[in-house]
Number of protein chains: 2
Amino acid sequence: MSKLIDDLAAILGDGLLQTEAERSARARDTWMRSQIQISAGSPVAAPLAVCAPSSSEELAEAVRACIAHDTAMIPRGGGSGVVGGVLASADSVVLSTERMTGLRAFSSNDLLAAFGAGTNGLEAEKRMQSEGLSIGHWPQSIELSTVGGWVATRASGQYSTAFGNIEDMVFSLEAVLADGSIYCSRDTPRASAGPDLRHLLIGGEGTLGVITEVTFSIRQQPESEVRQAFHFGDFEAGLEAARKLMRAGWRPAVLRLYDGRESWRHFRERLPKGNAMLILAHMGPAALTAVEADAVSTICESNGVAAPDEVVDGWFEHRNTVPTWDELLAQGIVADTIEIAGDWTRLPKLYHAVIDALEAVEGVVAASAHSSHAYRSGANLYFTVAATPAAPEDYTSTYDAFWSAAMNAAASIGAGLAHHHGVGRVRRDWMREELGIGGLSMLRSVKKAIDPHGLMNPGVLLP
Amino acid sequence: MSKLIDDLAAILGDGLLQTEAERSARARDTWMRSQIQISAGSPVAAPLAVCAPSSSEELAEAVRACIAHDTAMIPRGGGSGVVGGVLASADSVVLSTERMTGLRAFSSNDLLAAFGAGTNGLEAEKRMQSEGLSIGHWPQSIELSTVGGWVATRASGQYSTAFGNIEDMVFSLEAVLADGSIYCSRDTPRASAGPDLRHLLIGGEGTLGVITEVTFSIRQQPESEVRQAFHFGDFEAGLEAARKLMRAGWRPAVLRLYDGRESWRHFRERLPKGNAMLILAHMGPAALTAVEADAVSTICESNGVAAPDEVVDGWFEHRNTVPTWDELLAQGIVADTIEIAGDWTRLPKLYHAVIDALEAVEGVVAASAHSSHAYRSGANLYFTVAATPAAPEDYTSTYDAFWSAAMNAAASIGAGLAHHHGVGRVRRDWMREELGIGGLSMLRSVKKAIDPHGLMNPGVLLP
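The residue count restarts for each chain, going from 1 along the sequence in the order it is written. Going through the entries in the order they are written, you letter the chains from A and number the ligands from 1. With pLDDT at 70 or above as the cut-off, local features in this predicted model cover only qualifying residues; side-chain atom pairs require 80 or more to be listed or tallied, and sums for whole chains, interfaces and linings still use all residues. Calculation of side-chain values draws on the structure's entire complement of heavy atoms; hydrogens and water are dropped beforehand.

## Some thoughts on the overall build of chain A
- Along its length, chain A carries 16 helices and 19 strands.
- In terms of overall size, chain A behaves like a compact globule, its C-alpha atoms giving a radius of gyration of 22 Å where 463 residues would be expected to give roughly 23 Å.
- Each principal axis of the C-alpha distribution contributes one length, and for chain A these read about 70 × 60 × 40 Å.
- Counting only residues that meet the buried cut, chain A has 63% of its 463 residues in that class.
- Two residues qualify as a contact provided that any one of their heavy atoms is within 4.5 Å of a heavy atom in the partner residue. Of the contacts made within chain A by residues no fewer than 6 positions apart, 72% connect residues no fewer than 24 positions apart.
- Reported accessibility uses the Shrake-Rupley method at a 1.4 Å probe radius. Residues are deemed covered only where the shown protein chains occlude them. Surface exposure of chain A reaches about 15500 Å², of which carbon and sulfur atoms provide 50%.
- When charges are tallied, Lys and Arg are placed among the positive residues and Asp and Glu among the negative ones, while His and the ends of the chain are skipped. For this purpose, a charge sits on NZ of Lys, CZ of Arg, CG of Asp or CD of Glu. Between the centroid of the 38 positive side chains of chain A and the centroid of its 55 negative side chains there is a distance of 4 Å. Helix and strand assignments come from DSSP, with helices taken as H or I runs of at least 4 residues and strands as E runs of at least 2, each series counted from the N terminus. Note on method: radius of gyration uses C-alpha positions; expected globular size equals 2.2 Å times residues raised to 0.38. Burial classification: accessible surface area is computed with a 1.4 Å probe over protein chains only, and a residue below 20% of its type maximum counts as buried, one above 50% as exposed, and the rest as partly exposed.

Structural data, given as structure tokens:
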């Protein structure tokens, strides 16, 4: 392999990171299962080397060198993923976008902004905000994640109900494909020119190539924001209000409904125990948010009760504050979040089936959910599960058990098994249920066509 | 080939159409170039047979029989396409969706409706309207086209600026792929579970398979509709108003801006010559359309002049009335429409470049445009060109010349070369410009992976 290292060094210069510290720091994402392994004293393998090219051309050369040496490549953005989508092996090379950063092209007139894929999410958003503009994508990970990672994982942000998910914001993209070629999609607002090939990279989780640049169709910062909250007798009643307001054609940027357990955890002074809190933020032109807030209020008050606006302020203040896996493990807690989706009719039984399945897992001490992304025809459910296994030796098996319980329960009700965190390794074994036999076969065909050697992020996505 | 016919007859029974009349009637779409050929006395070849299966399973069997006999297959919906996407050869078999029709599943609660791919567009929309609902897609071809054709061609409707294009309405789909397997996408409102494979079929123009069923995420019929119109000193001034209102976050369902020539043609009593008419229809909750109409009016009046609402009523009345190619050819006129797209900054020069290029073509007597689909970052341009070649022998060469002129002019300015009619055969030779070398190579790889024998709609999409 020293020949490969020599070749990569010749291509990348000081963009080839070789120290133990540099390699270890880029070996994985933020998957709880990796963290459990590390806390048990078994470190994750460091890759052979980390390629941190400064340009797509350099990256393409590095990819071709890896192919020539039959070496697996692990694309990496901010490492904030939580599904094991980045996990190096000792004989692999990490392809990091960390030096492909910054605003590369910008047209305020056209609301277009192109960023290097490695640009930190919050930096990209702040850069746009300095122009009075916004990407409109605000994932909880915004301080850690990269714009390329957003696209590669098909991410959702907290304003998705009004501004869409990441696929609704991508104008065009550039990627180095698994064969070392460079793909640039067309700079056009919309095309009917064959299949939209961008969608092979969006959500591809680095299995077909490495996204190197993303051009977003950005937006003006909302002229106004109106916040309001309501609570409902139970989660189902809240879902019904959400369904009705979506059906009526309103699109609050934030639409988050917490189940009774999470509502009691976060807002206990504000509602009766068991009630479900719905928090809303309407964003847009002032004339629009005013009428939207009114209309939504009327819908929500038909089966719910208004809560003080401060409830929403509190959420905004703390929305990106989450404990680290390490902090939880130090307390003997194995936890994760599991997001799925379904149509409105399925959601109530889906909610109960997954909660019941999680609670039936030995060691699970808490299971709860909220819904944070709504559509005309359904919404997501975002479960949080915590377990306190008897002994550290049981951490991994408990983790695997609650994931299996949730996925199997959701699959039995026909839900979508992955709303926005992606598949990585944690959902890989359910891709047959998720895609169907035909879909899985189609994905395998595409993978083979674009990555004939199977060297790009092996072990991810495909079972 | 009689063995193939026997095999297909065994699979399809009376779903195999064999008479000359049946085969000829399904040999092509509504491409002007085919019409020229026919008017010159050279009929388009009829296919060997037409398969009109009643189910996806029957279709899949028929596809496998065609593969076994190495026979090209031409998928066909309503035949209303205008780019040569359906054109049989004498040794091919047409795969018609005409017997896979009707509403197959429906949930008003979830705003979901599944239609057989061969369902006529207007029938599907009327069925939904009978429930107080709407698909929200209203192409000019709605009386002729099918829901499967909408998806296969990545169509746009007249309400796209508010309700999106067809890809924004598809919830899930089923297709028989080119290898005879059946693909069903997942019934979930949104997923991050690998590449969104639906996008290989959406806009695939039948080159990867035949769409057999489409489930739409439908919507309530708009509670209210407000119409208004404005005229501007020139087309550029109108584009600027459109850009501003999109940027402000408003989304009128209908946003159509006619250039000076088309405005004079349609609305000459309503505006000074050379002015550009913008017609708008705001659709949605009454409270929303009221504030949207007000805000848009303020924007438009900053550089335009209000016109009477009846201008919009007139458009609604006549919007689906267009002359047939035959009627034009009978008058010695060779005409077509050419839709492209670009960002706001590029649109004015794109408009002039294409108009100039069209007018420079020998025989062209009229070239004009409107913009009918707007986005945050740009819009489409929809050109209409008419020529009166000296002799019928010049019809085809004139047709080819004005298409080349438009495509080359648009490509030189970096426009998107195909907004919503698709590629078919007419744009095939510009797919390198449209997709780039990387994109074209990627499309070829995907085509080979899904259709290894190259039997599904050969001659379309790929140069």
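## Focus on the environment of A:I38
Residue and element names in this part refer to chain A.
- Positionally, I38 belongs in helix α3 (residues 32–39).
- Classification of I38 as partly exposed rests on a relative accessible area of 29%.
- Residues I38 and V83 lie 45 residues apart in sequence; the distance between their C-alpha atoms is 16 Å.
- Setting aside residues up to four positions removed in sequence, I38 forms contacts with R28, P43 and V44.

## A word on the nonpolar core
- Take the buried Ala, Val, Leu, Ile, Met, Phe, Trp, Tyr and Cys residues and link them wherever side-chain atoms come within 4.5 Å; each set so joined is a nonpolar core. One finds A:I338, A:F383, A:F402, B:I338, B:F383 and B:F402 to be the most contacted residues of the largest nonpolar core, which totals 153 residues.
- For B:F383, the contacting residues outside a window of four places in its chain are B:D336, B:T337, B:I338, B:I340, B:L350, B:Y351, B:V354, B:I355, B:L358, B:S368 and B:A369.
- Core analysis: the second largest hydrophobic core is formed by 126 residues, A:Y183, A:A418, A:M442 and B:I166 among them.

## Describing the sheet that holds strand β1 (residues 16–17) of chain A
Residues and elements named next belong to chain A.
- At least two DSSP bridges between two strands are needed for those strands to be called paired. The mixed open sheet is built from four strands, whose spatial order is β1-β2-β4-β3. The sheet terminates laterally at β1 and β3 (73–76), the two strands that pair on one side only.
- Across four bridges, β3 lies against strand β4 (residues 93–96) in parallel orientation. If you follow I74 over to β4, its bridge partner there is V94.

## Considering the sheet that holds strand β9 (residues 182–184) of chain B
- Taken together, the five strands give an open sheet; going across it, the order is β5-β6-β10-β8-β9 (chain B), and neighbouring strands pair in antiparallel fashion. Every other strand in the sheet has two partners, leaving β5 (103–107) and β9 of chain B as the edge strands with one partner each. Taking each pair of neighbouring strands and ignoring which way they run, the sheet shows an average axis angle of 10°.
- Here four bridges tie β5(B) to strand β6 (residues 112–116) of chain B, and the two strands are oriented antiparallel to one another. Following the sheet pairing, B:A105 is matched in β6(B) by B:A114.
- Here helix α16 (residues 431–450) of chain A sits on the sheet in contact with β8 (170–177) and β9 of chain B, set at roughly 110° to β9(B). Only the stretch in contact is used when a helix axis is fitted, and all axes are lines through C-alpha atoms; the angle between N-to-C directions ranges over 0 to 180 degrees.

## Focus: helix α16 (residues 431–450) of chain B
- Working rule for helices: expected span equals 1.5 Å times residues minus one. Taking 1.5 Å per residue, 20 residues should reach 28 Å; α16(B) reaches only 19 Å between its end C-alpha atoms and comes up short.
- Two axes define the bend at a residue: one fitted to the seven residues ending there, one fitted to the seven starting there, and the bend is the angle between them. For α16(B), the principal kink sits at B:I437 and spans about 90°.

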